[in-house]
Amino acid sequence: MMHGQGRGTGLVDRIEETVIAVLLGLMTAITFANVVARYVFNSNILWALELTVFMFGWLVLLGASYAVKKHSHLGVDAIINMTTPPVRRMLALFSVACCLVFSLLLLKGSWDYWAPYGELPPTTGRWFPTGFDLGARGQGWYEVQDIPMPDMLRFIEGWLNEGEAYEKIPKAIPYLVLPVSMLLLILRFGQAAVAIWRGDLDRLVASHEVEDELEMLRSHSRKSEGAD
C-alpha cells in the first residue's frame, strides 16, 4: 500500500469517500421514495429518475479513482507472477504510464465537453486567463430536463446565465464530475506510480477478490468442521 500521504491528499481522500457514501445513500433513498410514491400514493417524483442517473454517473466516475487508490480494479497477473521482481517492477511502471497517458486524454476530452457549459458570458468575464480561448459557443444557460433549481444554488445564475433565473439546474453542475473525476484519476495513478517507483508496490492491480472469497469459504468450512 502507499505511504507518506500529505495532509492535502488525506483531505481529498476523506472528501472522496464521503461524497461516494452520500451519493449511494441518496440514490437508495430517492429510489425508495419514488417507489412508495408510485405504488402507494399513485403519484410520481418527476425528477427522481434523472437525478438518480446523474448520481449514478458521479458514483461510477468518482469510484473509478477510488478503486485505483484501493487497488480494487480487476486485473490478470498470471504472467506477472512468473517474472522476477525487477521485471515485475518495470512492467508495473509501464502499465501505470499507459494509464496516466490514457487518463490525460480523458481529461482533455472531458474538459472540452464540459467547458462550454461552464464558460462565463462575455459580459461577466471568464474563469480562464486572457488568451485561453474556449470558442464562442458558451452554453451556460443549458438546463437539464427535470431537476428543479434549488434556491441555495441561485448564486450560479449570476455566473453562468447573466442573472437570468434557471427553472432547472444548469448542465454545468452534473457534468462537472467529468473533469473532476479525471483529475482524481490522474492523482491516483500518480500516487501508484510513486509507490511502484519506491518499491512499495510491485503491480498496479493488487486485488484478488475471487481468491479472497475462496479463502474465506475454506476458513468458514474449517471452523464449521471444528465445531462439529
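Summarised in this report is the structure supplied together with it. (Residues numbered from 1 in each chain as written. Predicted model: local features only at pLDDT ≥ 70, side-chain atom pairs only at ≥ 80, totals over all residues. Heavy atoms only, no water.)

Here we take up the pattern of salt bridges. Applying the stated criterion across every chain yields a total of 4 salt bridges. Of the charged contacts in the structure, one is a salt bridge between Glu16 and Arg188, with a shortest N-O distance of 2.4 Å. With Glu16 in helix α1 (residues 7–39) and Arg188 in helix α5 (residues 177–198), this pair connects stretches of sequence that are 172 residues apart. By relative accessible area, which is 4% here, Glu16 ends up buried. Taking the shortest distance from any N to any O, the salt bridge between Asp112 and Lys108 comes out at 2.5 Å. Of this pair, Asp112 and Lys108 both sit in helix α3 (residues 85–118), 4 residues apart, which is roughly one turn of that helix. (Salt bridge = Lys/Arg side-chain N within 4 Å of Asp/Glu carboxyl O. Helix = DSSP H or I, 4+ residues; strand = E, 2+ residues; numbered from the N terminus. Buried < 20%, exposed > 50% of the residue type's maximum accessible area, 1.4 Å probe, protein only.)

With that settled, consider unusual backbone geometry. Excluding glycine, a negative phi dihedral is what most residues carry, and trans is how most peptide bonds are arranged. Even without glycine at this site, Asn42 takes up a positive phi of about 55 degrees. Along the chain, Asn42 falls in the loop between α1 and α2 (48–69).

Our next topic: α2. For α2, built from 22 residues, the straight-helix expectation of 32 Å at 1.5 Å per residue is met to within 8% by its first-to-last C-alpha distance of 31 Å. Just past α2, the residue His71 takes up positive phi, approximately 55 degrees. (Expected span 1.5 Å × (residues − 1).)

Turning our attention to the packing of α2 against α5. Their axes nearest at 8 Å, the elements α2 and α5 cross at an angle of 5 degrees. Overall, the two elements α2 and α5 adopt an arrangement that is roughly parallel. Seen from α2, the contacting residues are Trp58, Leu61, Leu62, Ala64, Ser65, Val68 and Lys69; seen from α5, they are Val177, Leu178, Ser181, Met182, Leu184, Leu185, Arg188 and Phe189. Tallied by class, the residues present in the contact of α2 with α5 amount to 11 nonpolar, 2 polar and 2 charged. (Axes fitted to C-alpha atoms, helices over the stretch in contact; angles between N-to-C directions. Parallel < 35°, antiparallel > 145°, perpendicular 65-115°, else oblique. Contact = heavy atoms within 4.5 Å. Nonpolar A, V, L, I, M, F, W, Y, C, P; charged D, E, K, R; others polar.)

This next bit is on the layout of surface pockets. Approximately 640 Å³ is the volume attributed to the largest pocket. The set of elements that each furnish at least two residues to the lining of the largest pocket consists of α1, α2, β1 (143–148) and α4 (156–160). Per element, the largest residue contribution to the lining of the largest pocket is 5 residues, and it comes from α1. Along the lines of polarity and charge, the residues of the lining of the largest pocket split into 25 nonpolar, no polar and no charged. (1 Å grid on protein atoms, 1.4 Å probe; cavity = no way out; pocket = protein on both sides within 12 Å on 5 of 7 lines; lining within 4 Å. Points joined across faces, edges and corners; volume = space filled by probe spheres on them.)

Over its 34 residues, α3 extends 47 Å from the first C-alpha to the last, a length consistent with the 50 Å expected when each residue adds 1.5 Å. Every buried residue of α3 is listed here: Arg88, Ala92, Leu93, Val96, Ser103, Leu107, Ser110, Trp114, Ala115, Pro116, Tyr117 and Gly118.

It is characteristic of soluble globular proteins that their nonpolar side chains tend to be buried jointly. Judged by nonpolar contacts, the single largest core of 15 residues is most densely connected at Val96, Leu185, Phe189, Ile196 and Leu204. Put simply, the parts of the chain that give this core at least two residues each are α3 and α5. If one sorts the elements of this core by residue count, α5 sits on top with 8 residues. Among residues more than four places away in sequence, those in contact with Ile196 are Arg89, Ala92, Leu93, Val96, Leu201, Arg203 and Leu204. Judged by nonpolar contacts, the second largest core, of 12 residues, contains Trp114, Ile156, Leu160 and Ala172. (Core = buried A, V, L, I, M, F, W, Y, C linked by side-chain atoms within 4.5 Å.)

With that settled, the discussion passes to the packing of α3 against α5. Packing of α3 against α5 brings their axes to within 9 Å, and their N-to-C directions diverge by 165 degrees. Considering their axes alone, α3 and α5 lie roughly antiparallel with respect to each other. Seen from above, α3 lies across α5 with left-handed handedness. Along the lines of polarity and charge, the residues of the contact of α3 with α5 split into 22 nonpolar, 3 polar and 1 charged. (Left-handed = near helix turned anticlockwise from the far one by under 90°.)

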